[in-house]
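Residue-level listing of the chains:
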Amino acid sequence: MLELAYLQTLPQQRALLKADYADFIVKEDLGYAMTGEGEFVALYVRKTDANTLFVGEQLAKFVGLSPRNMGYAGLKDRKAVTEQWFCLQMPGKAMPDLSRFNMAGVEILQVTRHSRKIRTGSLNGNHFEILLRNAVETDELKVRLENIKNFGFPNYFTEQRFGKDGHNLTQAMRWANGEIKVKDRKKRSFYLSAARSEVFNLVVSERIRQGLANQVLAHDILQLAGTHSWFTTDEKEDLALLQTRLENHDLQLTAPLIGETQQLACELENKLVERHQSLISLMKRERMKPARRPLLMQARDFHWEFVENGLKLKFYLPAGSYATALVRELVNIDENE
């Protein structure tokens, strides 16, 4: 993985991230309420230093179910305090007594019923509360905070997407080059995601380097803000009008999640994507559908406060965006292992 460009400049300060579990709090927003009835038992759980998948498997085991009958909307950071929904498929069965469920770092906050399985990806986003320890109030950092509030941050995939020491990306490259075969479904998914994420990051980074992160180009693929709909500009369209809509946050520039067919976009993007023919061939073999993702992301309800031991942040991000990508624009991160 290459060093990615900053939307602003390299931060001057260093700060400690996740020095304590409570320094990184995540609360899931599914975007819909539980129905209160149905064949699924829904559990709202607070986890501290706990792996999402493992917790779900232990909940299923406790009530005598296979992990296949358990669902959740998304993986959450382990070294954090996180709140999220799980569901257990129990048609025709009484509500289980979970008062004796005992697992370190896990607290069941709510139990109800729901009519559908909570599936991976079926969430709106997440609320974050983050403490950056040792960050101090300076003019430089205050300017960075204002810029993120007004202009957003690069919507990069960050380290957790690529695995420890970039392992998932390394394996994806080996798979693409025919050096290994991958049969395990989870590993296949992780490796394909890492490969797509790498190409996305490189496109975003290069646009930033060339000063084009907020500039509409001919044949750019634009997304209507707040939707998953996008369209490609053509020679006949008024780029100046589209530029105004972009600056008014009505539109968003996008970058590619490569798939089995290559999306023709602006010349800069096409050239960057074409450099990765082995990954493109892998996507074709695996029949991955191409997709788009916003190039920049803007946090909602973005607030900050300087406190005695650092900088407190509160904000909301839509599903799929990374809080650490936002933090990266503010400070150089020291992650306490």
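Residues numbered from 1 in each chain as written. Predicted model: local features only at pLDDT ≥ 70, side-chain atom pairs only at ≥ 80, totals over all residues. Heavy atoms only, no water.

Quick look at the packing of helix H4 (residues 167-176) against helix H5 (residues 185-209)
Then, number 1: As a packed pair, H4 and H5 sit with axes 8 Å apart at the nearest point and diverge in direction by 95 degrees. It follows that H4 is roughly perpendicular to H5 by the angle criterion. Contacts between H4 and H5 involve His167, Asn168, Leu169, Gln171, Ala172 and Trp175 on the former and, on the latter, Arg188, Phe190, Tyr191, Leu192, Ala194, Ala195 and Glu198.
Then, number 2: Residue classes in the contact of H4 with H5 are distributed as 8 nonpolar, 3 polar and 2 charged. (Axes fitted to C-alpha atoms, helices over the stretch in contact; angles between N-to-C directions. Helix = DSSP H or I, 4+ residues; strand = E, 2+ residues; numbered from the N terminus. Parallel < 35°, antiparallel > 145°, perpendicular 65-115°, else oblique. Contact = heavy atoms within 4.5 Å. Nonpolar A, V, L, I, M, F, W, Y, C, P; charged D, E, K, R; others polar.)

Here's the deal with the nonpolar core
Then, number 1: Among the nonpolar cores identified, the biggest contains 69 residues, and Ile130, Leu132, Leu313, Phe315, Leu326 and Leu330 are the most heavily contacted of them.
Then, number 2: Examining the composition of this core, we find that 9 residues originate from one element, H5, more than from any other.
Then, number 3: Apart from residues lying up to four places away in sequence, Leu330 is in contact with Pro11, Leu132, Leu141, Arg144, Leu145, Ile148 and Leu313. (Core = buried A, V, L, I, M, F, W, Y, C linked by side-chain atoms within 4.5 Å. Buried < 20%, exposed > 50% of the residue type's maximum accessible area, 1.4 Å probe, protein only.)

Here's the deal with the side chain of Arg293
Then, number 1: Here Arg293 lies in strand E12 (residues 291-294).
Then, number 2: Buried and without a salt bridge, Arg293 has Glu159 as its closest oppositely charged side chain, separated by 12 Å.
Then, number 3: A distance of 3.0 Å separates a polar atom in the side chain of Arg293 from the backbone oxygen of Asn155.
Then, number 4: For Arg293, the contacting residues outside a window of four places in its chain are Asn155, Tyr156, Phe157, Phe200, Leu253, Thr254, Ala255, Leu257, Gly320, Ser321 and Tyr322. (Lys, Arg positive; Asp, Glu negative; His and termini not counted. Salt bridge = Lys/Arg side-chain N within 4 Å of Asp/Glu carboxyl O. Polar contact = N/O pair within 3.5 Å; in protein donor to acceptor, adjacent residues only side chain to side chain.)

Here we look at the sheet that holds strand E11 (residues 251-257)
Then, number 1: The sheet built from 4 strands is open, its strands ordered E10-E9-E11-E12 with antiparallel pairing. The strands lining the two open edges of the sheet, one partner per strand, are strand E10 (230-232) and E12. In this sheet, neighbouring strand axes are inclined to one another by 45 degrees on average, regardless of whether the strands run parallel or antiparallel.
Then, number 2: Pairing between strand E9 (residues 221-224) and E11: 3 bridges, direction antiparallel. Note on E11: the bridge partner recorded for Gln223 is Gln252.
Then, number 3: Against the sheet, helix H6 (residues 239-247) engages E9, E10 and E11, with an angle of about 95 degrees to E11. (Pairing = 2+ DSSP bridges.)

Any functional reading would require information beyond the geometric quantities listed.
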